[in-house]
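The primary structure of each chain is shown beneath.
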Amino acid sequence: MLLQAVLWLLVCLVALCILSESIDTILSILWEMVATIFGGKQIDLRKTFGEWAVVTGSTDGIGKAYAIELARRNINLVLISRSMAKLENTKQEIMQVNPQVKVKIIEADFSVGKDIYHKIQLQLSDIPVGILVNNVGKMYDYPMYLDEVPEQILWDIININVGATTLMTRLVIGQMQQRRRGAIVNVSSGSDLTPLPLMTVYSATKMYIKNFSEAIRMEYSKFGIIVQHLSPFFVATKMNNYSHRINVKSLFVPDSTTYARNAIATLGKINSSTGYWAHSIQKLFVLAPPTWIKNKVALLISRILRQDHFKQKEKEKL
């Protein structure tokens, strides 16, 4: 009789834990949507975090759009990317948006690995970095089985997605700690919510960024440092050119400007977010089903997008 009672108690506790976790997830996603739609009072980023921001991968897509939004908020910028020509062009665009901000550019290829960070550190030595946006990233050219992915691309994905986020954070977090303020924005992906077959290594590196962000936040929040984790779903950028379904702007696939404008409004308000209200709706549907269903749906979607790529290539040959 006692054993039966203990077993029932364990069953009830497990059920309660599952239910409470589900409720917490739903409430957090609803709060994401409310915060991105209504926003509330805009935070003075310059006053709260500091005068300078560093943005990696800042000449295209989300990184470029986020840098421009920072400039609109009177934040001086350090742009880091691998193409000097694109850096110069982006700098000119930003100066047209806000001629009052200072813009410094650093040419660096994060796929090289550890050798570039000493150079970056020297160039940041006299910059009081208030905001770091770890945006640079690399993904597959299109959905592929692991054995199809060239080895160099796999190393590039690891060096860029994992290495750059980790080492850039290490470079600036010490000075933020000394000033007892700062913000680190780690741009991940909606693929960090569930394993993504045919984008396996990319998805795994984004899960790293998610866990890294949560752990660093716990380590450094006592020093007044905000660590935000962004997990956008599809955004209409050239990274998604392998399929017509995800590279055309729509309600659920915003362009990078729309995404950045929404995402930056959450900085200092939400620690973890998709950054865009319609993506939060998608997040709810991703997290709701059991894991085995999520995995099967993810594989199905990847296969469809893979076929889109092959169809596009066939049309190009005609």
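Residues numbered from 1 in each chain as written. Predicted model: local features only at pLDDT ≥ 70, side-chain atom pairs only at ≥ 80, totals over all residues. Heavy atoms only, no water.

## So, the overall build of the chain
Quick note on the threshold: Note on conventions: DSSP H or I runs of at least 4 residues are helices, E runs of at least 2 residues are strands, and numbering of each starts at the N terminus. The globule rule used here is 2.2 Å times the number of residues to the 0.38 power, and the radius of gyration it is set against is calculated over C-alpha atoms. For every residue, the accessible area (1.4 Å probe, protein chains only) is compared with the maximum for its type, and the residue is labelled buried under 20%, exposed over 50%, or partly exposed between those bounds.
When its secondary structure is counted, the chain shows 10 helices and 7 strands. Here the chain has a C-alpha radius of gyration of 21 Å; the compact-globule value for 318 residues is 20 Å, and the two agree. A principal-axis box enclosing the C-alpha atoms of the chain has dimensions of 75 × 60 × 40 Å. Residues counted as buried form 47% of the 318 residues belonging to the chain.

## With respect to the sheet that holds strand 3 (residues 103-107)
Stated precisely, the cut-off is as follows: In this scheme, strands are said to pair when DSSP sees at least two bridges between them. Throughout, a contact is declared for two residues whenever any of their heavy atoms are within 4.5 Å. Lines fitted to the C-alpha atoms define the axes, with helices restricted to the stretch that makes contact. Angles between their N-to-C directions range from 0 to 180 degrees.
Pairing is parallel in the open sheet, where 7 strands are placed in the order 3-2-1-4-5-6-7. The strands lining the two open edges of the sheet, one partner per strand, are strand 3 and strand 7 (272-273). Inspection of the sheet shows strand 1 (residues 52-56) paired to strand 4 (residues 129-134) by 4 bridges, in the parallel sense. Counted as the bridge partner of alanine 53 is isoleucine 131 from strand 4. Its contacts with the sheet put helix 6 (residues 151-179) on strand 1, strand 2 (76-81), strand 4, strand 5 (182-187) and strand 6 (225-230), and the angle it makes with strand 4 is roughly 165°. Helix 7 (residues 200-220) contacts strand 5 and strand 6 of the sheet and is inclined by roughly 160° relative to strand 6.

## Concerning the pairing of strand 3
Both faces of the sheet carry side chains from a regular strand, because those side chains alternate between them. Applied cut-off: Whether a crossover is right-handed comes down to one check: with the strands pointing away from the viewer, does the path from the first strand over the helix to the second run clockwise; if it does, it is right-handed.
Here strand 2 runs beside strand 3; their pairing, made up of 5 bridges, is parallel. Its bridge partner lying in strand 3, isoleucine 80 is registered against isoleucine 106. Handedness of the β-α-β unit built from strand 2, helix 4 (residues 84-97) and strand 3 comes out right-handed.

## Focus: the packing of aromatic side chains
The condition is simple: Each Phe, Tyr or Trp ring (for Trp, its six-membered ring) is paired with any other whose centre lies within 6.5 Å, and the angle between the two planes then decides the class: stacked below 30 degrees, edge-to-face above 60, tilted in between.
Across all of its chains, the model carries 5 aromatic pairs by this definition. With a centroid separation of 5.6 Å and an interplanar angle of 65°, the aromatic rings of tyrosine 142 and phenylalanine 310 are classed as edge-to-face. Residue tyrosine 142 is found in the loop between strand 4 and helix 6, and its partner phenylalanine 310 is found in helix 10 (residues 291-317); the two are separated by 168 residues along the sequence. A relative accessible area of 31% means that phenylalanine 310 is categorised as partly exposed.

## Remarks on the side chain of histidine 309
Secondary-structure assignment places histidine 309 in helix 10. Since its relative accessible area comes to 10%, histidine 309 is described here as buried. Leaving out residues up to four positions away in the same chain, histidine 309 has contacts with Tyr142 and Tyr242.

## Considering unusual backbone geometry
Within the chain, arginine 180 stands out as a residue other than glycine whose phi angle is a positive 60°. Relative to the elements of secondary structure, arginine 180 occurs in the loop between helix 6 and strand 5. The backbone phi angle of leucine 198 is positive, close to 75°, even though this residue is not glycine. Owing to a relative accessible area of 4%, leucine 198 belongs among the buried residues under this scheme.

## Digging into the nonpolar core
Formally: To qualify as a nonpolar core, a set must consist of buried Ala, Val, Leu, Ile, Met, Phe, Trp, Tyr and Cys residues joined through side-chain atoms within 4.5 Å.
Counting 33 residues, the largest nonpolar core has Tyr66, Leu70, Leu77, Ile94 and Ile131 as the members making the most contacts within it. With 7 residues, the top contributor of residues to this core is helix 3 (residues 61-72). Excluding anything up to four places from it in sequence, tyrosine 66 contacts Val133, Val185, Leu230, Ala260, Ala263, Ile264 and Leu267. Counting 28 residues, the second-largest nonpolar core is a separate cluster that includes Trp52, Ile80, Phe212 and Val227.

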